[in-house]
Each structure stands twice: as structure tokens, then as C-alpha cells.
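In case you want the letters, here they are:
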Amino acid sequence: RRLIAGILVEQKNIFRINGAEYLISHENNGPAVTLKVNVEKSSHGGIGSFSIDLVPALEFQASSKWVSDKRSTSMVNDYRYWNAIPKPNQLSTHNNRNWICSYAEVERDLLNDRNKLKPLIRIFKKIRDKNSSLTNLKSYYIKTIFLHQRLERPDAYWNQSFNVLMMEMFDVVLEHFKTKTL
């Protein structure tokens with residue numbers, strides 16, 4: 001965090017790259033740092049804004065395993081790394097952190113060559129964002145439900161029409177709501 005803040009102060013929050021100008025600010029969000037980027041000037045004419053979340057992670061060899069790690073060994077044996085991601089402990093009065101296991105390599109492979117899967121996940125996140133009663137439906141939950149469905153269904157399933165997939169996945173997500181399972 002200090003490094004990012006120091007770089008921003010040093011640059012007066014403005015970065016100039018290949019004729020483009022970016023005004024950058026940052027926020028601390030738990031263990032993550034969110035960079036808010038406003039494109040002030042661009043050689044391509046495009047201006048606007050976007051944000052980037054930087055989350056620290058500890059990287060471990062796939063052969064290393066934590067006691068609480070419940071991953072399926074057959075699924076991740078072909079991968080080299082996994083990550084421990086800090087998660088704020090909101091129930092605790094001390095500064096200890098909880099950690100969650102992340103398998104970015106596995107996720108990337110599961111989503112690869114499933115052209116409709118990534119857009120489906122994005123749409124469900126947008127539905128969540130537009131509905132104030134779904135604020136507890138975290139991105140992690142949505143992605144986990146879809147990744148489990150990816151493993152349970154044959155490859156050809158994901159070649160169906162987008163509308164059919166949307167309706168069927170909507171039913172799957174609703175079933176998880178009803179049963180309060182992930």
C-alpha cells in the first residue's frame with residue numbers, strides 16, 4: 001500500500017504514457033488496493049474511467065498443502081501453483097487475517113474454450129449489482145457455482161444457445177439460494 005501511495009505521490013497522481021494521460025487515485029479495501037483510473041487524454045480519442053483491484057497473494061507449490069485445504073488432489077495435480085489470499089477477519093477485534101485458497105490456473109483452464117461461460121458469469125454479476133437485495137451474493141459464490149457446473153456438465157453442453165444456458169443457470173443459482181449451499 002505504501003509503495004503504491006508513494007508512486008502516486010511521486011507522479012502527482014498523473015501518468016503520461018504514449019500521449020495518453022491517466023489520473024489515478026487509490027482506496028484501501030480490506031487487504032486489496034483499488035486503483036481508480038480516469039483517462040483524461042488519449043491519442044485514440046477515448047476517455048473514461050475504470051478501476052483495478054490489486055490483491056496481495058502468497059504463492060505455493062502445488063505439492064504444498066495446508067491442513068484446511070480441501071481441494072481435490074486429482075484436479076490440481078497437473079498445476080504448478082496455488083495462492084493464499086488474505087481475507088479480512090470482520091468478526092475479530094485483532095488484526096489477524098483469514099486466508100482463502102485460490103487456484104487461478106485451474107479456474108483459467110476450466111473457463112478456457114467455453115465461449116459462453118465467462119459472459120454468463122458477467123451477466124449474473126450485473127444482475128446482482130442491479131438488485132439491492134442481492135448484495136450478499138459475492139462474485140466468489142457466483143463463479144464457484146458456475147465452475148462446479150462446468151465440471152458436472154459435458155463440454156457440448158456449453159455450446160447451446162445463450163438463452164437456454166441463461167435460463168438453466170438461473171435455475172441452478174436459485175436452487176443454491178433455496179438450499180443455502182455453495
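Scroll up to find the structure.
Here the residue numbers are simple positions, counted from 1 along each chain's written sequence. With pLDDT at 70 or above as the cut-off, local features in this predicted model cover only qualifying residues; side-chain atom pairs require 80 or more to be listed or tallied, and sums for whole chains, interfaces and linings still use all residues. Note: side-chain values were computed over all heavy atoms of the structure, leaving out hydrogens and water.

1. Overview of the pairing of strand E3 (residues 32–41)
Should DSSP find at least two bridges between two strands, the strands are taken to pair. Where helices and strands are cited, they refer to DSSP runs of H or I of at least four residues and of E of at least two residues respectively, numbered from the N terminus. Sheet topology places strand E2 (residues 20–29) next to E3; nine bridges connect them, and they run antiparallel. Bridge pairing in E3 places His 26 opposite Leu 35. Counting the residues that bridge the hairpin from E2 to E3 gives two residues, and of these Gly 30 lies at a positive phi of roughly 65 degrees. In the sheet, E3 pairs with strand E4 (residues 48–54) via seven bridges, with the strands oriented antiparallel. By the bridge assignment, Val 39 is partnered in E4 with Gly 48. In this structure, the hairpin formed by E3 and E4 is closed by a connection of six residues, where Gly 45 is found at a positive phi of approximately 85 degrees.

2. Points about a positive patch on the surface
Patch definition: residues above 30% relative accessible area lacking any salt bridge, with like charges linked at up to 9 Å and the nonpolar side chains Val, Leu, Ile, Met, Phe, Trp and Tyr linked at up to 5 Å. All accessible areas in this document rest on Shrake-Rupley with a 1.4 Å probe, and a residue is counted as covered only by the protein chains that are shown. Think of a salt bridge as a Lys or Arg side-chain nitrogen and an Asp or Glu carboxyl oxygen that are within 4 Å of each other. When charges are counted, Lys and Arg are positive and Asp and Glu negative, with His and the chain ends excluded. We put the charge of a Lys on NZ, of an Arg on CZ, of an Asp on CG and of a Glu on CD. Together, Lys 118, Arg 122, Lys 126 and Lys 130 make up a region of like positive charge exposed at the surface. The residue Lys 130 is located in helix H4 (residues 117–130) in this model.

3. Things to note about helix H3 (residues 104–111)
Residues spaced three or four apart along an α-helix face the same direction, because each turn holds 3.6 residues. Among the residues of H3, Glu 105, Val 106, Leu 110 and Leu 111 are the ones counted as buried. Note on H3: the residue one or two positions beyond its end, Asp 113, has a positive phi of about 65 degrees. Each residue gets one of three labels from its accessible area relative to the maximum for its type: buried under 20%, exposed over 50%, partly exposed in between, using a 1.4 Å probe on protein chains only.

4. Points about the pattern of salt bridges
Applying the stated criterion across every chain, the model contains four salt bridges. With its nearest N and O atoms 2.7 Å apart, the salt bridge here joins Asp 129 to Arg 128.

5. Here we look at the packing of aromatic side chains
In this analysis, rings of Phe, Tyr and Trp, with Trp reduced to its six-membered ring, are considered paired at centre separations within 6.5 Å, and the interplanar angle assigns stacked below 30 degrees, edge-to-face beyond 60, and tilted for intermediate values. Scanning all chains against the criterion turns up six aromatic pairs. The interplanar angle of 65 degrees and the centroid separation of 5.1 Å between the aromatic rings of Phe 124 and Phe 146 together place this pair among those described as edge-to-face. In this pair, Phe 124 is assigned in helix H4 and Phe 146 in helix H5 (residues 139–152), connecting sequence segments 22 residues apart. The same class applies to Phe 124 as to Phe 146, namely buried.

6. Points about helix H6 (residues 162–179)
By definition here, a helix of n residues has an expected span of 1.5 Å times n minus one. Between the first and last C-alpha of H6 there are 26 Å, a value that for 18 residues agrees with the 26 Å anticipated at 1.5 Å per step. All of the buried residues in H6 are Leu 165, Met 166, Met 169, Val 172 and Val 173. Considered in projection along H6, the buried side chains sweep an arc of 130 degrees and stay on one side of the axis. For H6, exposure combined with an orientation more than 90 degrees from the buried face picks out Asn 163, Met 167, Asp 171 and Lys 178. Looking at the buried residues of H6, the elements they touch are H4 and H5. One or two residues past the end of H6 sits Lys 180, with phi positive at roughly 55 degrees. Think of it as the arc spanned by the lines of direction from the helix axis to the C-beta atoms. Residue contacts follow a heavy-atom distance rule, with two residues in contact if any of their heavy atoms lie within 4.5 Å.

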